[in-house]
Each structure stands twice: as structure tokens, then as C-alpha cells.
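Understanding the architecture of this molecule
Listed below are the residues making up each chain.
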Amino acid sequence: MDNIEITVFDEINDSRLARESLKIFAIDKRFDVIATGSLLGISDLKAKNIPVGYDSYLTIKPLSYIEFLLANGIKKETIDLIYTSIKDNTELSESYINVLHSYLIRYILVGGMPEAVKKYIETKDINEVRSIQNSLLKDYIHDFGTRYDENGERYIDPILLIRISRAFESIPDQLAKENKKFKYSVIKNGGRSSEFSDALEWLKNVGLIVKANNLRVIESPLKGNSITEEFKIYLSDIGLLIANYPLSIVEQIINDDLGAYKGAIYEALCADMLYKENYDLYYFSDSLNHLENDFLIDTSNGIDIFEVKANNGKMASAKKIYDNKSINGVNKIFKLIKKGYGKGNFYESFPHFLFSFYLDYLNKIEKEKLKLDDLPNI
């Protein structure tokens with residue numbers, strides 16, 4: 001096989017001219033070029049002649065749970081077996097469940113940031129992993145408030161810096177509350193959207209947080225029924241979230257005893273999985289009718305609802321939705337639990353670790369449906 005030489009422009013957000021030069025390389029065709037940069041830098045870069053149609057975008061996210069398993073040497077046969085169990089609606093053996101759940105616990109601690117995963121594989125030492133995670137968080141914090149002027153020059157907006165820092169620091173505590181709806185007043189007394197919405201948008205643009213919007217009604221398409229001013233905020237990587245919690249919580253996670261934080265952690269884990277499998281995040285909360293559903297996704301067969309439980313739990317809200325499924329367009333309701341499988345009158349349950357696989361499998365099925373057969377020549 002011939003060697004392939006690739007030219008890499010690293011941190012292209014630091015050079016407007018480098019961004020503009022991609023068109024010339026594409027037309028020339030003699031060189032393969034990869035340009036890298038932060039989401040924020042590339043989106044803010046004020047290139048005069050953006051090479052529309054001459055470059056392709058690829059957003060690289062932290063490793064998913066499936067990728068974490070592969071990085072840790074899980075055999076392809078095992079991965080295939082898991083997909084087969086989803087396709088055929090069969091249960092995995094107890095031995096597989098126990099091992100995959102143990103890997104899930106470690107994924108919660110490590111997350112998917114490549115440096116953190118690499119350090120875990122090398123050392124199996126969570127102290128070393130947390131050191132990497134804290135360094136990554138400091139790097140993010142160092143860039144808080146970064147803007148680019150019309151000439152592509154980087155500068156720090158001091159007011160935005162303070163607001164981003166306050167908003168970011170509030171996220172772990174807001175997720176730990178029973179009502180996880182994001183509140184500006186938790187950032188500071190009297191905090192308002194007009195003051196902190198830009199800070200959240202900055203964190204979202206840089207890929208550090210994920211926003212889940214509440215829905216007016218459960219009706220497809222979900223995006224068209226989202227409430228922009230009502231939302232929850234999750235970190236885009238579960239490992240970075242856990243790095244914000246004290247060592248006592250880490251010990252509980254290692255011992256598979258999540259204590260008071262169990263609801264917050266498992267919900268944040270499922271948000272991590274949805275984000276990394278390229279799904280938009282939505283939830284449904286209707287306090288007037290006492291309805292609360294953790295996550296909902298659109299499928300070609302209707303809306304799927306997912307309830308996240310630390311071990312097990314009641315499904316009263318989901319049952320009310322199910323009773324009106326013909327109105328709401330609900331396809332299936334799932335309960336995500338610690339290890340077991342089950343089937344109720346209106347829902348199916350399976351372990352948390354299968355969620356990532358289910359989403360990936362569903363994604364592939366949905367994409368297959370978009371492939372069209374050839375039409376006859378007439």
C-alpha cells in the first residue's frame with residue numbers, strides 16, 4: 001500500500017488565511033489537508049472567503065461507551081453479540097451483564113476524553129485519571145470568554161469570562177437537585193436569562209455542555225414542540241462531570257453505591273450517551289398534571305420515551321402517557337435500570353449499559369430506511 005501524506009493545519013482558528021487557503025488546496029488536488037480547531041474558534045473565525053463546498057466538517061466528540069469498551073480490548077465478537085441481543089430482543093447472560101456493568105461504572109468515572117481513557121488503560125488508577133480530567137477542565141477554564149475580532153485575533157471578554165465561570169460552576173449542583181431544570185437564580189441571586197444566556201451558548205458552542213429542552217406537548221417532531229426557555233444542562237462527558245464531585249462520591253461509584261447522587265449520575269450518563277450517539281436531547285415536564293419523563297427521541301415509528309432509574313422504580317408518569325399513546329404518537333416506553341431485564345404492561349426494561357448500543361442500533365436502522373430503491377427506466 002502506498003504511503004499517504006497528509007498536511008495538518010492545527011488550531012486553524014488562529015489563522016483566517018489558513019482557513020481561506022483550504023479552497024486552493026481542494027482545487028489543486030495534489031495535497032490532502034486536515035484542519036483542526038476548537039468548535040468555538042472555527043465558528044467565530046471571521047474568514048473573508050470561507051471555502052463553501054470545498055471543505056467537509058467533522059465534529060469529534062469524546063469516546064462513547066461503545067468506543068470505551070473497544071479501547072479497553074473488548075472483543076468484536078462480544079460487541080456483535082450485544083447488537084444481536086438487541087436485534088433479536090434476547091437477554092444477555094448474567095456473566096456478560098456483570099462485566100459490562102462493571103465497565104459502565106468505570107466509564108462513569110473515566111468518561112471519554114482521549115487523554116483520560118489513555119491514562120486509565122495505562123494505570124487503572126482513578127487518581128491519575130482525575131489529574132488528567134482536572135487539567136482538561138483548567139484548559140477549558142483558561143479559554144472561558146474567548147472571542148475573535150474581525151481580523152481573527154483572539155481576545156478575552158472579561159464580563160463574559162465571569163458569567164461563564166459562574167454558570168459552569170453551578171451545573172454539577174443543579175444536576176444534583178430533585179428538580180434538575182436549569183435555573184439562572186442558582187448561578188447568583190436574581191440571575192436572569194438576559195445576563196447568562198450568552199455564557200451558556202458559549203459553553204455549548206465549545207462542546208462542553210449539552211442542553212435538553214422541555215416540551216410543550218409530546219408530539220412529533222419534538223424539535224417543533226420544544227420550549228427554548230425551559231431546559232436542563234448536562235456536561236457533554238460524564239467523566240468531566242464526576243471530576244467536579246468530591247472523592248467521597250468517587251468512592252461510592254467505585255463500590256457501585258451511588259448514594260444521594262445516584263439519580264443525577266445515571267441521568268447524566270444517559271444524556272452523555274444520547275449526545276455521543278448524535279441525538280438531540282428532550283424531556284417532558286408538566287407540573288400541573290404531575291408528569292415527568294426523562295428523555296424522548298423521534299423515530300420513524302413514533303416517539304420513544306426513556307425513564308432512567310438507579311435500580312428500579314415506579315413508572316406512574318409514563319403510564320399516564322401510555323394511556324394516551326394514540327394521541328401522543330408514542331411508539332415505545334423503556335425503563336433503564338441497573339442490571340436486569342423486564343417487561344411490564346406498557347414498557348420494556350434493560351440495563352443502562354445497553355442504552356448506548358440501542359441508540360447506535362436504532363440510528364443504523366433509521367439510516368437504512370433512507371436508502372431508496374432504483375426506479376425503473378421508462
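Structural notes, computed from the coordinates. Positions within a chain are numbered from 1, following the residues in the order the chain's sequence is written. Where totals are concerned, whole chains, interfaces and linings use all residues; where local detail is concerned, this predicted model gives features only for residues with pLDDT of at least 70, and gives and counts side-chain atom pairs only at 80 or more. Values shown for side chains rest on all heavy atoms present in the structure; no hydrogens or waters enter the calculation.

A few words on helix H5 (residues 76-88). Think of it this way: any DSSP run of H or I at least four residues long counts as a helix, any run of E at least two long counts as a strand, and we number them from the N terminus. Each helix should span, by expectation, one fewer than its residue count multiplied by 1.5 Å. Here H5 spans 18 Å end to end across 13 residues, near enough to the 18 Å set by a 1.5 Å rise per residue. Among all positions of H5, only Thr78, Ile79, Ile82, Tyr83, Ser85 and Ile86 are buried. Down the axis of H5, the buried side of the element spans an arc of 155°, and every buried residue falls inside it. Counted as exposed and oriented over 90 degrees from the buried face of H5: Lys76, Glu77 and Lys87. What makes two residues a contact is simply this: any of their non-hydrogen atoms within 4.5 Å. Next to the buried residues of H5 lie helix H4 (65-71), helix H6 (94-110) and helix H17 (354-368). Asn89 sits one or two positions beyond H5 and adopts a positive phi of about 55°. Exposure is judged per residue with a 1.4 Å probe applied to protein chains only, and the accessible area is read against the type maximum: over 50% gives exposed, under 20% gives buried, and values in between give partly exposed. The arc under discussion is defined with respect to the helix axis, by the directions toward the C-beta atoms.

Within helix H13 (residues 247-254), the full set of buried residues consists of Ile249, Val250 and Ile253. The buried residues of H13 all sit within an arc of 100° when viewed along its axis, so they share a single face. Positive backbone phi, at 60°, marks Asp256, one or two positions downstream of H13.

With that out of the way, let us pick up the sheet that holds strand S11 (residues 330-337). Any two strands with at least two DSSP bridges between them are considered paired. The strand order across the open sheet built from five strands is S9-S10-S11-S13-S12, with neighbouring strands paired in mixed fashion. The open sheet has two edge strands, strand S9 (295-299) and strand S12 (342-343), and neither has a second partner. One ladder, built from five bridges, connects S9 with strand S10 (residues 302-308); its direction is antiparallel. Bridging from a neighbouring strand, Phe295 pairs with Phe306 of S10. Against the sheet, H17 engages S9, S10, S11 and strand S13 (348-351), with an angle of about 115° to S13. Only the contacting stretch of a helix is used when fitting its axis, a line to C-alpha atoms as for every element, and angles between N-to-C directions run 0 to 180 degrees.

Take the packing of aromatic side chains next. For any two aromatic rings, the description comes down to two numbers: the centre-to-centre distance and the angle of the planes. Within 6.5 Å between ring centres, the rings of Phe, Tyr and Trp (the latter by its six-membered ring) count as paired, and their orientation is classed by plane angle as stacked under 30 degrees, edge-to-face over 60, tilted in between. As enumerated under the stated definition, the model contains 19 aromatic pairs in all. Taken together, a centroid distance of 5.8 Å and an interplanar angle of 20° make the contact between Phe182 and Phe231 stacked. Taken together, the residues Phe182 in the loop between helix H9 (158-175) and helix H10 (184-187) and Phe231 in strand S6 (residues 226-235) connect sequence positions 49 residues apart. An identical accessibility class is assigned to Phe182 and Phe231; each is buried. On the basis of an interplanar angle of 55° and a centroid distance of 5.1 Å, the ring pair of Phe334 and Tyr358 is categorised as tilted. Residue Phe334 is located in strand S11, and its partner Tyr358 is located in helix H17; the two are separated by 24 residues in the primary sequence.

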